[in-house]
Amino acid sequence: MSGHNNPGGGFIGGLVLSSAFVLLYLVYDIETVHRGTPFDFKRVAALGVLLAVGTGMLSILFGESFLSQTTWLVDLPVFGETELGTMTIFEAGVALTVLGVVVTIILGISEDVE
Amino acid sequence: MITVLLAIFIPFIAACLVPFIHKILTGRRIGWFVITIPLFLFILLIRLVPSLSDGASYLYTFPWIPSADVYFSTHLDGLSMIFALLITGIGSLVVLYSIYYLSEREAIGRFYTYLLLFMGAMLGVVLSDNLIVLYVFWELTSISSFLLIAFWYHRKQSRYGAKKSMLITVTGGIFMLVGFLMLYAITGTFNLQELISMREVIAADSLFIPAMLLVLIGAFTKSAQFPFHIWLPDAMEAPTPVSAYLHSATMVKAGIYLVARFTPIFAGDTTWFYVVSCVGLLTMLWGSVNAVKQTDLKALLAFSTVSQLGMIMSLLGIGSLAFASSESAHIALFTAATFAALFHMINHSTFKGSLFMVVGILDHELGTRNIKRLGGLATIMPITFTIALIGSFSMAGLPPFNGFLSKELFFEAMLSLKEANLLSMDSLVVLFPIVAWIGSIFTFIYCMIIVFQTFFGKVHAPAPGQRPAHEAPIQMLISPMVLGSLVVLIFIFPNLLGTYILGPAMNAVYPQFEGMPGLVPEIQVWHGWEMPIFMTIGVIILGILLYGLLRYWKGIYRLGFLQWTLDRLYNATLQRIERVASVVTKTYMTGSVRDYVAYIMLFFIALVGIGLLGFQQFIFDFSNDAVIEINEGIIIFVMMCSSVAILFAKSRITAIILNGVLGYSIAILFVVFRAPDLALTQIIVETVTTVLFLLCFYYLPEWKNEHKSISMRVRNGLIAVASGVAVTVIALLVQGHSMYPSISIYYETASRLAGGLNVVNTILGDFRAFDTMLEVLVLFIAGLGVYSLVKLRRKKGVDHTEEK
């Protein structure tokens, strides 16, 4: 959401997330981090692609053309008036894909080393 | 019509669900979930039959990629209905049969996923009205067929057959796509219904013949017409339910569908008639002659399918003559051929489906399909025998089975060519009934082989490891029994089928003759003593005679080498392509990363250079440029220093750090120019790459100064300088020109159209969402590629050490 009106966005978000993981791997080791976050990053990437393509498909069901995005203004209890959009889901998909792919590659190579 | 849309998408959705439901409904029980889908769709569709026979049709459109004229439009008319009913009806029976055919140990979930995928794709082919959508589904059927043939992928023959069928049908599909694009070039539409209404425009165009031939190649490859039929016998490596479903009842009929569908567009020309009917007849003769020599029952059925498809195809070819003739008596004669084609197609699905299931039962219960090791099963497996008898006799064209009716119509259509003495019939056309008759004799012979060599004669003792013969469980017999009884029922009530199912289909093939008397002829069991019945009697007498003397003349098959040449041609072509490809690839894949970078850069320079030459306006406009501030100057100076220093770095660490300096300076530059997004991205990318570099250290050899020849150094230096110059020139040129609309318009509209204030992201997520989505996909695929490459390499390494 912040990416829509302020600096940020799916791609950068994903990169920030993945660099966080990479730094964690550097500081601790792979096993320790995996105990904390037991994800299979290939699946994370797949989930991301599914989200990104899925939101695009969703718009077809509502009779709009592929990948149309909409936003709603919603009053959430904590955040106050917030803008919710399908864009957020799309960007989340992008972020997860980037995260998954980057971590998968780095892990793949580093596991190879050992 | 939402029903039609449902019919296409429900199988796909179900295919996605199968793996999850398989966890709840374990083992073969998953089949009971799968069977509900074709059954439900069958009922859904058959409820529309009465309204279709009243002349209704259902068209439904919604935009998919409207900018490229691609609309997801579905169209349900009589012709689509026949196919849709076959797909769902036979589909239900095949699923029921497969529940007991497959053993619990096999990957049943995977099997049903592929099967549902195929079902959806096939329904998509026959129901879509847009050519591009049709093409997508068409190739999807090829892919699902590939997956199903290779279901037992541990067998070499399965993999070979799968690859062969995929290569041939997909290549044909691409030809067809080119044909579709030509049609688009002529008319400017992809919509079938619009194309049909513009048939005069199409016929007058110079692309008419090429487009027709290309579409026909697509149809012929899919429907296994000569000389593309070679994939079908090899496709028999698939599990028998798949052969019964895809390779006899539905997928191979997609070509028939295409020909029938395009008849109103192309049939005005006699080229269409000659190509379709000659190829059809040749295929019929070739298939039936080859079927006789087979010893594997499934291969025999495969060739018989080839032959029957050829027969249907030739009928469609004759049916097209209706467009070329003017007298209404002649029109009725020729439309009767198309009627016979559609009628025989339904009949073929019933008797061939039941025969395939019978062969599957034999294979399942006895462990062999070889005729030489089968015999005397009539008393041991009475029900299976009865079904086989009905199926084969129907295929041979004997009463009281539906094959007799359509065979008579077939002869009648062939004879009508002579009677309707138009378009200066040459000697070729006189040959048609004779070829058809000879083909039918061979058809009769192989039908007798199926019945007598399998079920009569002496009982073979089971080979070691085989179970003694016994009747199949009743659950496996239900489906072939249903099909077998249909064979008889259609013989008794042919006109029910004629009015409700075939009538609307005829209207779809002949839109301009709609409602003409005689378009939907009444099917009669007895025609009186006329030529067709004499031909049938001749077939029976000669057939029995030749069958009895089979072992005396079977030797001539040793002369029939053409089949092997075709197969050999296919294999040799593949081998040659592989060899040439590997030679070509080896010349440029040197394994040196430096060479690859050189290729990329050279290509880039060439592209930019050619682009600029075409541009021919070198205006460097510096007037609007801002003054370079002192702090910016310092950053740029740092960047220049570091990049030059990389060249003289003595250790790898130094080089990487210098590279990092370069990267971070760019990030600072972005900050200075108020592009926080870019700066953030640049910093993170820089960090991650550094980590990657560190990881790769492990593999890299010692850093040493390579002593390359002077010419190499000059070459590489030139490439480097040239690419730098190219980038600079572009950057400077962009300043001075406004060839493309500036993106700054988004600054004004972003908030209103996309509801966001961050322009970069609204562009990425909204205005260019399609690009972003594709990039995400590419990234994902690339990630998987890297991962699997790394993993594969390691596996190889392990194997290597084990060998040591």
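Residues numbered from 1 in each chain as written. Chains lettered and ligands numbered in written order. Predicted model: local features only at pLDDT ≥ 70, side-chain atom pairs only at ≥ 80, totals over all residues.

Scanning chain B from terminus to terminus reveals 32 helices and 2 strands. Going through the 804 residues of chain B one by one, you find that 42% of them count as buried. Sequence separation of 24 or more characterises 78% of the internal contacts of chain B that already satisfy a separation of 6 or more. (Helix = DSSP H or I, 4+ residues; strand = E, 2+ residues; numbered from the N terminus. Buried ≥ 20, exposed ≤ 12 C-beta atoms within 10 Å, placed from the backbone. Contact = placed C-beta atoms within 7 Å.)

On to the overall build of chain A, then. Secondary structure summary: chain A contains 5 helices and 2 strands in total. If you list the helices and strands of chain A from N to C, you get α-α-α-α-β-β-α. In chain A, which comprises 114 residues, the proportion classed as buried is 40%. For chain A, the share of sequence-separated contacts (at least 6 apart) that also reach a separation of at least 24 residues comes to 68%.

Segmentation of chain B into domains returns domain 1 (267-555), domain 2 (559-589) and domain 3 (743-804). Using C-alpha coordinates to define each centre, domain 1 of chain B is positioned 35 Å away from domain 2 of chain B. (Domains from an automatic or database assignment.)

All right, on to the packing of helix 27 (residues 652-672) of chain B against helix 28 (residues 676-696) of chain B then. Residues and elements named next belong to chain B. Helix 28 packs onto helix 27 with a crossing angle of 170° between their chain directions and a minimal axis gap of 7 Å. The angle between helix 27 and helix 28 falls in the class roughly antiparallel. In this structure, helix 27 contributes Ile-656, Gly-660, Gly-663, Tyr-664, Ile-666, Ala-667, Phe-670 and Val-671 to the contact, and helix 28 contributes Pro-676, Leu-678, Ala-679, Gln-682, Ile-683, Glu-686, Thr-690 and Phe-693. Partitioned by chemical class, the residues of the contact of helix 27 with helix 28 number 11 nonpolar, 4 polar and 1 charged. (Axes fitted to C-alpha atoms, helices over the stretch in contact; angles between N-to-C directions. Parallel < 35°, antiparallel > 145°, perpendicular 65-115°, else oblique. Nonpolar A, V, L, I, M, F, W, Y, C, P; charged D, E, K, R; others polar.)

Counting residues in each nonpolar core, the largest one holds 204 residues, and the members touching the most others are Leu116(B), Leu148(B), Leu315(B), Ala340(B) and Ala505(B). With 21 residues, the top contributor of residues to this core is helix 16 (residues 328-366) of chain B. (Core = buried A, V, L, I, M, F, W, Y, C linked by C-beta atoms within 7 Å.)

Before going further, it helps to spend a moment on helix 28 of chain B. Taking 1.5 Å as the rise per residue, helix 28 of chain B with 21 residues should run 30 Å; its terminal C-alpha atoms sit 30 Å apart, in good agreement. Among the residues of helix 28 of chain B, Asp677(B), Ala679(B), Leu680(B), Gln682(B), Ile683(B), Ile684(B) and Val688(B) are the ones counted as buried. (Expected span 1.5 Å × (residues − 1).)

Now for the environment of Ile186(B). All names here are of chain B. Among the secondary structure elements, Ile-186 is positioned in helix 7 (residues 156-187). The partly exposed category is assigned to Ile-186, around which 19 C-beta atoms lie within 10 Å. Remark: the alpha-carbon pair of Ile-186 and Ala-204, spanning 18 residues in sequence, is separated by 9.6 Å. Once residues lying within four places of it in the same chain are set aside, the contact partners of Ile-186 are Val-201, Ile-202, Asp-205 and Leu-207.

Residues and elements named next belong to chain B. Chain-level statistics for chain B give a pLDDT mean of 81 and a share of 86% at 70 or above. Confidence drops under a pLDDT of 50 for residues 798-804, and excluding neighbours within four residues, the segment shows 0 contacts in the predicted structure. Scored by ipTM, the complex comes to 0.72, with pTM at 0.77. (pLDDT = per-residue confidence, 0-100.)

Residues and elements named next belong to chain B. Locating Glu-412 in the fold gives a position in helix 18 (residues 402-419). Judged by the 21 C-beta atoms lying within 10 Å of it, Glu-412 is buried. In the structure, Glu-412 is positioned 118 residues away from Glu-530 in sequence and 9.5 Å away in space, judged by C-alpha atoms. If we skip the residues at most four places from it in the chain, Glu-412 touches Ala-336 and Pro-532.

Moving on, we come to the confidence of the model for chain A. Residues and elements named next belong to chain A. For chain A, the average pLDDT comes to 66, and 52% of its residues sit at 70 or higher. Looking over chain A, one finds the lowest element-wise mean pLDDT in helix 1 (residues 2-5), namely 44, and the highest in helix 2 (residues 10-27), namely 76. Here residues 1-7 is modelled with pLDDT under 50, and outside its nearest four sequence neighbours on either side it reaches 23 contacts, counting other chains as well.

Another aspect to go through is the packing of helix 4 (residues 78-101) of chain B against helix 21 (residues 494-509) of chain B. All names here are of chain B. Following both chains from N to C, one finds helix 4 and helix 21 inclined at 130°, their axes separated by 6 Å at the closest point. When the axes of helix 4 and helix 21 are compared, the pair comes out oblique. Contact with helix 4, carried on its side by Gly-78, Leu-79, Met-81 and Ile-82, involves Ile-501, Gly-503, Pro-504, Ala-505, Asn-507, Ala-508 and Val-509 of helix 21 and no other residues of that element. Looking at the contact of helix 4 with helix 21 residue by residue, the class counts come to 8 nonpolar, 3 polar and no charged.

A word on the environment of Gln682(B). Residue and element names in this part refer to chain B. Among the secondary structure elements, Gln-682 is positioned in helix 28. Along the chain, Gln-682 and Ala-667 lie 15 residues apart, while their C-alpha atoms are 5.6 Å from each other. Contacts of Gln-682, omitting those with residues within four sequence positions, involve Gly-663, Ile-666, Ala-667 and Phe-670.

Moving on: unusual backbone geometry. Residue and element names in this part refer to chain B. A cis amide bond, omega 0°, links Phe-226 with the succeeding residue Pro-227. Mapped onto the secondary structure, Pro-227 falls in the loop between helix 10 (208-222) and helix 11 (231-234). Look at Ala-224: it is not a glycine, yet its phi comes out positive at around 55°. Looking at where Ala-224 falls in the secondary structure, it is placed in the loop between helix 10 and helix 11. Judged by the 29 C-beta atoms lying within 10 Å of it, Ala-224 is buried.

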